Amino acid sequence: MENQKTKEYKSWKLGGYEIEWDGEGLGWVMYMLWSDGPDEESPMSVFWGRAWIEHDTLLMTSWKVHGGAPEDLQTDEEVNKYMASLPIWDKTKYFIKLADIGMSGLIDCQTMKPVPEVIANKIMPKLGFTRSRVELP
């Protein structure tokens, strides 16, 4: 019989996100209670995306609907209890959640607040972000 390796999963809490590592890569998860979510069996929907680390920043892609949550995560109370049981994300100082509408900002992982512009202006270009200006008529 062949010896199969079992994947090792780890999870952390980063604000309202669960950051997951499956032994191969990172991803993020967010749970949301919908009265008419995409999965008729589960009122709690799961949104997810890929994530990776560059420099000292976790970059999180835009979201996709993953479907219903596990059976033991069907209420806000169950999700809050689960999230509280996770260790706090401490692998990077900053994170960026890439938004579908093109807006992204550098957030401090400890305070969960936007990083001051003077700091963001030094870090964001290193990550490939450029500032664009919109001129209104």
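Structure: see above.
Residues numbered from 1 in each chain as written. Predicted model: local features only at pLDDT ≥ 70, side-chain atom pairs only at ≥ 80, totals over all residues. Heavy atoms only, no water.

Caption draft 1: Seen up close, the pairing of strand β2 (residues 17-21). With five bridges joining them, strand β1 (residues 10-14) and β2 adopt antiparallel strand pairing. Each bridged residue has a counterpart across the sheet, and for Lys10 the counterpart in β2 is Trp21. Between β1 and β2, which pair antiparallel in sequence order, lie two residues; one of them, Gly15, sits at a positive phi of approximately 60°. When β2 meets strand β3 (residues 26-33), the two strands line up antiparallel, connected through four bridges. If you follow Glu18 over to β3, its bridge partner there is Val29. Between β2 and the antiparallel strand that follows it, β3, lie four residues; Gly23 among them carries a positive phi value of about 90°. (Pairing = 2+ DSSP bridges. Helix = DSSP H or I, 4+ residues; strand = E, 2+ residues; numbered from the N terminus.)

Caption draft 2: Here's a closer look at the pattern of salt bridges. Under the definition given, this model contains two salt bridges. With a closest N to O distance of 3.9 Å, Lys10 and Glu8 form a salt bridge. Residue Glu8 is classed as partly exposed on the basis of its relative accessible area of 45%. One salt bridge connects Lys91 with Asp90, and the closest N-O pair in it is separated by 3.2 Å. (Salt bridge = Lys/Arg side-chain N within 4 Å of Asp/Glu carboxyl O. Buried < 20%, exposed > 50% of the residue type's maximum accessible area, 1.4 Å probe, protein only.)

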